[in-house]
Amino acid sequence: MRQIDFFDTTLRDGEQSAGINLNTAEKLKIARQLEKFGAAVIEAGFPASSPGDFEAVKLIADTVKQSTVTGLARAVKSDIDTCWETLKGGEQPHIHVFLATSPIHMEYKLKKTPEQVVETAVNAVKYARAKFPLVQWSAEDAFRSDPAFLVRILNEVIAAGATTVNIPDTVGYASPQEYGALFRFLKENVRGIDRVKLSAHCHNDLGMAVANSIAAIENGADQVEGTINGIGERAGNAALEEIAVALHIRKDLYQLGSRIQLGEIKRTSELVSRLTGVAVQPNKAVVGKNAFAHESGIHQDGMLKNPETYEIITPALIGATAEPLALGKHSGRAAFKDRAVSLGFELNEEQLNAAFREFKDLADKKKEITEDDLFVIYTKQQLEETETPIYSLKNIQVQYGTNNVPTATVSAVTPEGKEVNVATTGAGSVEAIFNTLELLVEGDVHILDYQVSSIGKGRDALGQAVVNLEFNGTQMTGRGIAQDVLEATAISYLNAINRQLVREDLESRRQQAVLTVL
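Let me begin by describing the structure that accompanies this report. All values reported here derive from a predicted model rather than from experimental measurement. (Residues numbered from 1 in each chain as written. Predicted model: local features only at pLDDT ≥ 70, side-chain atom pairs only at ≥ 80, totals over all residues. Heavy atoms only, no water.)

1. Brief notes about the overall build of the protein
Of the regular secondary structure elements, the protein holds 17 helices and 16 strands. The principal-axis extents of the C-alpha atoms in the protein amount to approximately 70 × 70 × 45 Å. For the protein, buried positions account for 52% of its 518 residues. Relative to all contacts within the protein whose residues are 6 or more apart in sequence, the contacts with residues 24 or more apart total 67%. (Helix = DSSP H or I, 4+ residues; strand = E, 2+ residues; numbered from the N terminus. Buried < 20%, exposed > 50% of the residue type's maximum accessible area, 1.4 Å probe, protein only. Contact = heavy atoms within 4.5 Å.)

Structure follows, in structure tokens:
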């Protein structure tokens, strides 16, 4: 049975979604889960793009051992050198070099002739191969490229040492028939194509990313690229969990295998959704909350008689089994630790103690602690604390009445360690909170988007707030979780501000380190 490798780019292409910004600890947490998920390759970021990406890619490459870790690079020596510094500690150092090949990109973006593009690509691959044992080269906007030119440049980069060649549908323009035909054409005409891995990378602008990816596999692709939950720029990327389940459910048709652990799908999907702040649409295939819901009377009758009448995928297949008994205020530490292990969390003694204290505090407020609540508590302990001085919320109070002006009062500790109290009004409770916090941070803040949702079910469910804002010209996303959505709102706001402070501090320390070396 032919095996298909899954290349996950959640941490690179996925993070390029509007409003998503993950810190290093969050990226590492996702990378560890992608390793359990069975991703053959994890694209951890674009090291040359920022100090944060540099640090994250290096840490992931040094930590993850069961999956190959790669980083993105333009076809320039400085990007390749930066990638080597971050990835040289990995089990199998791998680099992903890209260069546009479509006429519109070559003329207007690169301002290069086809001959210059071929020369640039070859030089970049040769330079990268001198350092890396694994070099993937991507023809950006390959589907809109001239097929004859694609054959020409692929011949050259393979001869130069590329070990994988990627044929992206960068703007999501292809149909399955056309995309599959392109792969078949390349398999038949490119010299040495059987010596390298042929990869597909599809975007979902016309809603065909998964179908196009499978069409490529049917026509010779050995690797498929995408993201968890299909997140990504514009309409997103191919959803890897959908491709994995499709290949499994229709193995009679495709007769293909992979190393994907289907039982990790639900956990991986939830982790990515929580940490990115991007909710999974209810009717999304495989992982949506309605994926196994049956409302029609006819459907329900059939399900009661035989689930296979309307259910081709079982919840158990993707790890969405029946929820275990909830923990409560009388649950002990042993049960709490056991549940952490069963959910896939590896907490040290200090983290476990801190999580247990938070659990007990929440159990005094809620009758039952659900698995969703535990997921939040465990995840929080695995996201490293920063040494950068940040804002810390001490207390928030909101006064509201239909005939009164909403007023928010906030007590917080500033990065300088000073506890301050600020208060002001707004047209509503949320605006009053935002206005008050803007006085606290003393910066230019613009709210771009704000969402609240519940974690779990019931009137005592935890509330989650996600705010996307612009602080001093930089867009950041913050998340906050609390029993009260107004408290969660304040936490999410300060979380976004703190992320920017940490990013600025990291950039400052890196610049100082460079000056010290010079």
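2. A few points about the pairing of strand β6 (residues 134–140)
In terms of burial, β6 is largely enclosed, as six of its seven residues are buried. Pairing of β6 with strand β7 (residues 164–169) involves three bridges; the strand directions are parallel. Following the sheet pairing, S138 is matched in β7 by N166. For the handedness criterion, the β-α-β arrangement of β6, helix α6 (residues 147–160) and β7 is classed as right-handed. (Pairing = 2+ DSSP bridges. Right-handed = clockwise from strand over helix to strand, strands pointing away.)

3. As for the pattern of salt bridges
Going through the model one piece at a time under the given rule, you end up with 24 salt bridges. With its nearest N and O atoms 3.8 Å apart, the salt bridge here joins D222 to R2. Placement of the pair is D222 in the loop between α8 (209–218) and β9 (223–226) and R2 in strand β1 (residues 2–3), with a sequence separation of 220 residues. The closest approach of N and O atoms between K365 and D361, which form a salt bridge, is 3.6 Å. A residue is classified by how much of its surface remains accessible, and K365, at 53% relative accessible area, is exposed. (Salt bridge = Lys/Arg side-chain N within 4 Å of Asp/Glu carboxyl O.)

4. Regarding the packing of aromatic side chains
For the coordinates displayed, the defined rule picks out eleven aromatic pairs. For the ring pair W84 and F132, a centre distance of 5.1 Å and an interplane angle of 85° mean the geometry is edge-to-face. One end of the pair, W84, is in helix α3 (residues 77–87); the other, F132, is in the loop between α5 (114–129) and β6, with 48 residues separating them in the sequence. Considering the side-chain rings of Y179 and F183, the 4.9 Å spacing of their centres and the 65° angle between planes classify their relative orientation as edge-to-face. With Y179 and F183 both in helix α7 (residues 176–189), this residue pair falls four residues apart, about one helical turn. The exposure class of Y179 is buried, given its relative accessible area of 0%. Feature note: the residues F336, F345, F356, F359 and Y378 constitute an aromatic cluster, connected by ring pairs. (Phe/Tyr/Trp six-rings, centres within 6.5 Å; stacked < 30°, edge-to-face > 60°.)

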